[in-house]
Amino acid sequence: MLDQSLQFLTPDESAEVDKALLTSPEKFLARLTISTAKLLKVIAADTDTPIEALTAVQMIQWFEKDAKLKREQGVNASVLKWQAEDLG
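Description of the structure in this document. (Residues numbered from 1 in each chain as written. Predicted model: local features only at pLDDT ≥ 70, side-chain atom pairs only at ≥ 80, totals over all residues. Heavy atoms only, no water.)

**Description of the packing of aromatic side chains**
So, point 1. Using the criterion set out here, one finds one aromatic pair in the structure.
So, point 2. A ring pair is formed by Trp-62 and Phe-63, whose centres lie 5.3 Å apart and whose planes are at 90°; its orientation type is edge-to-face.
So, point 3. Note on Trp-62: relative accessible area 4%, which makes it buried.
So, point 4. The exposure class of Phe-63 is partly exposed, given its relative accessible area of 37%. (Phe/Tyr/Trp six-rings, centres within 6.5 Å; stacked < 30°, edge-to-face > 60°. Buried < 20%, exposed > 50% of the residue type's maximum accessible area, 1.4 Å probe, protein only.)

Next up, the structure:
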């Protein structure tokens with residue numbers, strides 16, 4: 001399983017995005033893309049599938065599995081540490 005210390009966007013990476021000559025929406029997309037690339041590596045490793053071969057179904061199933069771990073064993077058992085109430 002995944003090392004729980006994984007960060008999907010480090011402070012250094014975020015600072016690099018801040019320094020870039022990009023608009024705010026472009027900076028948001030850059031942060032999202034960096035984070036997504038890291039998460040796709042995790043999903044690919046967990047499903048034993050090359051990133052380029054991942055399907056939408058595999059990604060959805062991975063998210064369902066991670067959410068189930070969070071519900072049944074708590075947030076520390078899941079890869080994604082955020083909780084729905086944190087988003088509201």
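**Some remarks on helix 2 (residues 24-47)**
So, point 1. Counted at 1.5 Å a residue, the expected span for helix 2 with its 24 residues is 34 Å, and the 34 Å between its end C-alpha atoms agrees.
So, point 2. Within helix 2 the residues assigned to the buried category are Lys-27, Ser-35, Leu-39, Val-42, Ile-43 and Ala-44.
So, point 3. Buried residues belonging to helix 2 abut helix 1 (11-19) and helix 3 (56-73).
So, point 4. Directly beyond the C-terminal end of helix 2, a positive phi value near 55° is found at Asp-48. (Helix = DSSP H or I, 4+ residues; strand = E, 2+ residues; numbered from the N terminus. Expected span 1.5 Å × (residues − 1). Contact = heavy atoms within 4.5 Å.)

**Some details on a nonpolar patch on the surface**
So, point 1. The grouping of Phe-28, Leu-29 and Leu-32 at the surface amounts to a nonpolar patch, some 320 Å² of accessible area in total.
So, point 2. Structurally, Phe-28 can be placed in helix 2. (Patch = residues over 30% accessible without salt bridge, like charges linked within 9 Å, V, L, I, M, F, W, Y side chains within 5 Å. Areas by Shrake-Rupley, 256 points an atom, 1.4 Å probe, with all protein chains shown as cover. Salt bridge = Lys/Arg side-chain N within 4 Å of Asp/Glu carboxyl O.)

**Some thoughts on the pattern of salt bridges**
So, point 1. Applying the stated rule across the entire model yields three salt bridges.
So, point 2. Between Glu-13 and Lys-38 there is a salt bridge whose closest N-O contact spans 2.6 Å. Within this pair, whereas Glu-13 is found in helix 1, its partner Lys-38 is found in helix 2, the two being separated by 25 residues in sequence.
So, point 3. Overall, the relative accessible area of 23% leaves Glu-13 in the partly exposed class.
So, point 4. Of the charged contacts, one joins Glu-16 and Lys-19 as a salt bridge, the two residues approaching to 2.9 Å between their closest N and O atoms. Here Glu-16 and its partner Lys-19 are both found in helix 1, three residues apart, which amounts to about one turn of the helix.

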